[in-house]
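A closer look at the structure
The lines below spell out each chain.
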Amino acid sequence: MKKEEIKANTQKIYHFPRVRKRTENWQGKETVVEPVAAKDTVPKFQGLKLKYPVYTKHKSILIEAGIVGAIALITIFLIPPLLTVVGQAFRVGLLGRFLALAIVALGIDLIWGYTGMLSLGHGVFFALGGYALAMHLQLAPLEPGRLPEFMGLYGVHELPWFWQPFYSFPLTIIGIIIIPALLAALLGYLVFRNRIRGVYFSILTQAATIVFFNFFNGQQKLFNGTNGLTNYKTFLGLEVNAPQTQFLFYALTIILLALTYGFCRWLTTGRFGRLLVAIRDDESRVRFSGYNPTGFKVLVFAISAGLAGIAGALYTVQTGLISPKAMDIAFSIEMVIWVAVGGRATLIGAIIGAILVNFARSLLSEQFPEIWLFFQGALFLIVVMLLPDGLVGWWRSQAVNQIRRLLGIKQQVTYPSLETDPEVQQEREELTGKLGTGD
Amino acid sequence: MNAKILEIDNVTVSFGGFKALKGLNFNLDQGELRVVIGPNGAGKTTFLDVISGKTKPTEGEVYFKGRNIQSFAEHEIARLGIGRKFQTPRVYLNLTPRENLELACNRNKNVFATLLRANSSDEYRTVTGLLETIGLSSKANVSAGLLSHGEKQRLEIGMLVAQSPDLLLVDEPAAGLTDEETYNVGELLLALAESHSIIVIEHDMEFVRQIANNKVTVLHQGSVLCEGNIEEVQNDPQVIEVYLGKQEEEIETKEIITEEEEKIALLEITKEEKMSVSEIIEKKIAVSEITEKEKKIEEV
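Residues numbered from 1 in each chain as written. Chains lettered and ligands numbered in written order. Predicted model: local features only at pLDDT ≥ 70, side-chain atom pairs only at ≥ 80, totals over all residues. Heavy atoms only, no water.

1. Quick word on the side chain of Thr128(B)
Selection criterion: In this description a helix means any DSSP run of H or I spanning at least four residues, a strand means any run of E spanning at least two, and both kinds are numbered starting from the N terminus. Here a polar contact means two N or O atoms within 3.5 Å. Within protein one must be a hydrogen donor candidate and the other an acceptor candidate, and residues neighboring in sequence count only if both atoms are side-chain atoms.
Within the secondary structure layout, Thr128(B) lies in helix α5 (residues 121-133). Here the side chain of Thr128(B) touches Tyr124(B) through a polar contact of 2.7 Å, landing on its backbone oxygen.

Next up, the structure:
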């Protein structure tokens, strides 16, 4: 086509709204001109109502909160008696532990699924949360001036200084979240500021895992080494191993999981969440848009570590043991597997993945104690090859079509491009909208 | 309006031993639209990298609005008011055009402000207006990965505008577009030039002619070869030598061909149907006229 022809065909007046024009004079005077142009750019919408998606948003948030609340209540009050009736009462305890693991899975999903940083060292944060609570559980039942049992064995006569704060329950609760979060923030700041990404970040987290594992494993005098901290008795006047207390922990886990879910949902749905996705997809573009990704990554990494700390504490109190084994590299990788199985960048997927994989694992290890590890490996391979987006990702994208095909139900296709064409859709919506208001 | 918005003073960038830019001097007036051309490897993209802070100059200084921006990181430079469009459209594919624009439009780009501050209705209106301008209103809520190449180009330009920079750096906006789309992008840039200073890097000479209403800068081997309006540049012997080194050869063959006048066929050698001169002779096609190709200047 010739230039003139094109010109004739596309007589379009481009009008750019001038967005917050900074007409600062760089001689020192600063004059900020108010954005005026924005007004006349949307005359078209004056006839129609300016649709702010606020009301519908509020509604859907309420609905979702309702669903989450209902599921939480059912899990707390209905599932334990049901399992007891079936004669599987011990599974309630298992479920509680797995739900605690789901919290750390949510944390992994935040940094891996949304922000694209694959951390293979979350076991450290998990274990730190666990140790924080375990230290309090060691100290709580003691009379003043006495030391935890294992310290006597190794000839320690005075309580190490960093054990002191764990006498206090509130400080312990803060420590469970803050210690892992601060460690992650420090590590993250050093790593992200130097623009270390991708595989190198994963390797660094692995290295951190090994360092912490060796430290905790070697310090018999401080942390009872390989044996870890166990044999919890009482705290806050409650007997740790009593069924009522354990039910309390079970309920607490579910409540915290629901709250964590809500928190992650809040983080990921707004502009902040979109920026995380943007960082995952194209970090340097984010820089050129005027954002500094370092701060965002540090914050998300710290939040994720804090969640791991909470999960670690809840898990510890329900299993009755925390040992350096939680800092094992294999365990950190397992956490990633849960998220991969459930579906990256889908919060519900992380929860489902954690619960599903762990239940499958406990069932298989009961049935086939020798070879169940193979099943776990196979599961991961299957997911990576057949369901790269995880279970939830598959459900959202392909499940309907695949199930239809399996059942032999044919779809009614009208005019393929017409159904999916957004312009047609918009016109349709506008038409129906106008008719609606006209009536 | 004579103030210089951008001054590049004797900048050298070397990667190892290789000098991508050699003692480059460059000035841009406020409100100017400048087209930068140059053969491959002339250092055009490095030139943009230096301005936007992606690459730090080994020697020399860059001043934006009279401020030395050498020590600033990319995001700080972006906040000062330099926006950059990349060669291949780089939009966030998993977000919708609206979300893309909202991210660029966000006024306070600190971590906690981004997290806690709600979208203002002002921003909502700006984004809606921008979507209209770049012609993506109907696709505002589909994921950007589903957009066509031209739509992504327009979206990225929209993101630039949403950022409200004072200086736009545009790297080959017409790459991979049809003639019509190219023309549209050109008009967009001209409209933008009314309120922004713009540096455009481009190969497509027709496009350059469309938008170059002011000066054109030719880069060659990391420094400025010549500067002037489009006619001056095209007639500059140095530029012709750099770009059109083969022209002598072509003139010779022209004489040979015109001697043979058996049949007259009008042949338009376009980008798609390339024909070497020897082929033309073999097929004994008479050529009435040889005009300079106006497509990619480098192909000549």
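2. Structural notes on the pairing of strand β9 (residues 216-220) of chain B
All names here are of chain B. Note the threshold: Residue burial is assigned from relative accessible area. The probe radius is 1.4 Å, only protein chains are included, and a residue is buried under 20% of its type maximum, exposed over 50%, and partly exposed in between. DSSP-based pairing: two strands are paired if at least 2 bridges between them are found.
Of all the five residues making up β9, four are buried; the element is thus mostly covered by neighbouring parts of the structure. As paired elements, strand β3 (residues 33-37) and β9 share three bridges and run parallel to each other. Bridge pairing links Val35 to Val216 in β9. Of the pairings in the sheet, the one linking β9 to strand β10 (residues 223-228) comprises five bridges and is antiparallel in character. Residue pairing across strands places His220 opposite Ser223, the latter belonging to β10. If you look at the hairpin formed by β9 and β10, you'll find two residues sitting between the two strands, and Gln221 has a positive phi there, around 45 degrees.

3. Some thoughts on helix α7 (residues 179-193) of chain B
For the record, the criterion: Multiplying one less than the number of residues by 1.5 Å gives the expected span of a helix.
Under the 1.5 Å per step criterion, the end-to-end length of α7(B) is 21 Å for 15 residues, consistent within 8% with the ideal 21 Å. When we look at burial in α7(B), the residues that qualify are Thr182(B), Tyr183(B), Asn184(B), Val185(B), Gly186(B), Leu188(B), Leu189(B), Ala191(B), Leu192(B) and Ala193(B).

4. Topic: unusual backbone geometry
Positive phi, normally seen in glycine, also occurs at Arg195(A), with a value near 60 degrees. Along the chain, Arg195(A) turns up in the loop between α8 (169-193) and α9 (198-218). For Arg195(A), a relative accessible area of 39% gives the class partly exposed. Even without being glycine, Asn10(B) reaches a positive phi, approximately 50 degrees. Its location among the elements puts Asn10(B) in strand β1 (residues 4-15). With a relative accessible area of 43%, Asn10(B) lands in the partly exposed category.

5. Overview of the nonpolar core
Most often, soluble globular proteins have nonpolar side chains that are buried together. Here is the rule we go by: Grouping buried Ala, Val, Leu, Ile, Met, Phe, Trp, Tyr and Cys residues that are joined through side-chain atoms within 4.5 Å yields what is termed a nonpolar core. Throughout, a contact is declared for two residues whenever any of their heavy atoms are within 4.5 Å.
Trp163(A), Leu229(A), Phe272(A), Trp338(A), Ile37(B), Leu101(B) and Leu155(B) are the most contacted members of the largest nonpolar core, which totals 153 residues. Residues in contact with Leu155(B), not counting those within four places in the same chain, are Val91(B), Pro97(B), Asn100(B), Leu101(B), Ile134(B), Leu136(B), Ala144(B) and Leu147(B).

6. Some details on α9(A)
Within an α-helix, residues lying three or four positions from one another point in the same direction, as the helix has 3.6 residues per turn. Residue and element names in this part refer to chain A. Put simply, the test is: In this context, the arc is that of the directions from the helix axis out to the C-beta atoms.
For α9, spanning 21 residues, the distance from its first C-alpha to its last is 31 Å, which sits close to the expected 30 Å at 1.5 Å a residue. Among the residues making up α9, those that are buried are Phe201, Ser202, Thr205, Gln206, Ala208, Thr209 and Phe216. Buried residues along α9 cover an arc of 160 degrees about the axis, so they all sit on one side. Opposite the buried face of α9, at more than 90 degrees from it, the exposed residues are Val199, Tyr200 and Val211. On its buried face, α9 sits against α6 (122-139), α8, α10 (220-223), α14 (293-319) and α15 (329-342).

7. So, the confidence of the model for chain B
Residue and element names in this part refer to chain B. Basically, it comes down to this: Confidence of the predictor in every single residue is expressed as pLDDT, which spans 0 to 100.
The predicted model of chain B averages 80 in pLDDT, with 80% of residues at 70 or higher. Counted against residues more than four places away or in other chains, residues 259-272, with its pLDDT under 50, gives 20 contacts. Here residues 295-300 is a poorly scored stretch, pLDDT under 50, and it has 20 contacts once near neighbours within four places are set aside; other chains count.

8. Quick word on the packing of aromatic side chains
The cut-off we apply is this: Classification of ring pairs rests on two measures: the distance between centres of Phe, Tyr or Trp rings, Trp counted by its six-membered ring, which must be within 6.5 Å, and the angle between planes, read as stacked under 30 degrees, edge-to-face over 60 and tilted in between. Look at NZ for Lys and CZ for Arg. If either is within 6 Å of the ring centre and within 35 degrees of the ring normal, a charge sits over the ring.
Tallied over the full model, the rule gives 24 aromatic pairs over all chains. Centroid distance Phe98(A) to Phe359(A): 5.0 Å. Interplanar angle 85 degrees. Geometry classified as edge-to-face. Highlighted residues: Phe98(A) in helix α5 (residues 90-114) and Phe359(A) in helix α16 (residues 347-367), separated in sequence by 261 residues. Pair check on accessibility: Phe98(A) and Phe359(A) agree, each one buried. Here Phe26(B) and Phe47(B) contribute two aromatic rings whose centre-to-centre distance is 4.9 Å and whose plane-to-plane angle is 75 degrees, an arrangement assigned as edge-to-face. With a gap of 21 residues between them, Phe26(B) in strand β2 (residues 18-29) and Phe47(B) in helix α1 (residues 44-52) connect regions that are remote in the sequence. Just as Phe26(B) is buried, Phe47(B) falls in that class too. In textbook terms, an aromatic cluster arises when at least three aromatic residues are bridged by ring pairs, as seen for Tyr131(A), Trp161(A), Phe162(A), Phe215(A), Phe216(A) and Phe223(A). A cation sits over an aromatic face here: Arg90(B) above Phe86(B), 4.3 Å from the ring centre. We note Lys109(B) situated over the ring of Tyr291(A); from NZ or CZ to the ring centre the distance is 5.2 Å.

9. So, the pattern of salt bridges
We apply this condition: A pair is scored as a salt bridge if a Lys or Arg side-chain nitrogen falls within 4 Å of a carboxyl oxygen belonging to Asp or Glu.
With the rule as written, the count across this model stands at 22 salt bridges over all chains. Linking Glu74(B) and Arg195(A) is a salt bridge whose minimum nitrogen-to-oxygen distance equals 2.8 Å. Pair noted here: Glu74(B) is in helix α2 (residues 74-80) and Arg195(A) is in the loop between α8 and α9, and the two residues belong to different chains. A relative accessible area of 7% means that Glu74(B) is categorised as buried. Notably, a salt bridge pairs Asp122(B) with Arg107(B), separated by 3.1 Å at the nearest N-O pair. Of the two residues, Asp122(B) is situated in helix α5 and Arg107(B) in the loop between α3 (97-105) and α4 (111-116); the sequence distance between them amounts to 15 residues. Residues participating in the shared-partner salt-bridge network are Arg197(A), Glu283(A), Arg287(A) and Lys297(A).

10. Remarks on the sheet that holds strand β7 (residues 167-171) of chain B
Where strands meet in a sheet, backbone hydrogen bonds hold them as pairs that are either parallel or antiparallel. Residues and elements named next belong to chain B. Our working rule: Fitted lines through C-alpha atoms give the axes, limited to the stretch in contact for helices. The angle between two N-to-C directions lies from 0 to 180 degrees.
Pairing is mixed across the open sheet formed by six strands, whose spatial order is β6-β7-β8-β3-β9-β10. Unpaired on one side and paired on the other, β6 (82-85) and β10 mark the two borders of the sheet. Here the average twist between neighbouring strands, direction ignored, is 20 degrees. Along the sheet, α1 makes contact with β3, β6, β7, β8 (197-201) and β9, crossing β7 at roughly 150 degrees. Contacting β6 and β7, helix α6 (residues 149-162) runs over the sheet at an angle of about 175 degrees to β6.

11. Considering the packing of α15(A) against α16(A)
A packed helix pair is summarised by two numbers, namely the angle formed by the two axes and the spacing between the axes. All names here are of chain A. What counts, and what does not: When describing relative orientation, an angle under 35 degrees is termed roughly parallel and one over 145 degrees roughly antiparallel, while 65 to 115 degrees is termed roughly perpendicular and anything else oblique. Rotating anticlockwise by less than a right angle from the far helix to the near helix defines a left-handed crossing, while the corresponding clockwise rotation defines a right-handed one.
Between α15 and α16, the shortest axis-to-axis distance is 7 Å and the interhelical angle comes to 115 degrees. By the angle between their axes, α15 is roughly perpendicular relative to α16. Relative to α16, α15 is oriented so that their crossing is right-handed. Contact residues: Glu334, Trp338, Val339, Val341 and Gly342 in α15; Gly349, Ala350, Gly353, Ala354, Val357, Asn358 and Arg361 in α16.

12. Describing the side chain of His75(B)
Note that His75(B) resides in helix α2. Excluding its chain neighbours within four sequence positions, the residues that come into contact with His75(B) are Arg287(A), Gly290(A), Tyr291(A) and Asn292(A).

13. Quick word on the packing of α8(A) against α14(A)
Residue and element names in this part refer to chain A. As a reminder of what qualifies: Amino acid classes used here: Ala, Val, Leu, Ile, Met, Phe, Trp, Tyr, Cys and Pro are nonpolar; Asp, Glu, Lys and Arg are charged; the rest, including Gly, are polar.
One can describe the packing of α8 onto α14 by two numbers: an axis separation of 7 Å at closest approach and a directional angle of 150 degrees. Relative to α14, the element α8 lies roughly antiparallel. Crossing hand, α8 versus α14: right-handed. Residues Ile176, Ile177, Pro180, Ala181, Ala184, Ala185, Leu187, Gly188, Tyr189, Phe192 and Arg193 of α8 touch α14, and the partners they reach there are Thr294, Lys297, Val298, Phe301, Ala302, Ala305, Gly306, Gly309, Ile310 and Ala313. Broken down by class, the residue content of the contact of α8 with α14 amounts to 15 nonpolar, four polar and two charged.

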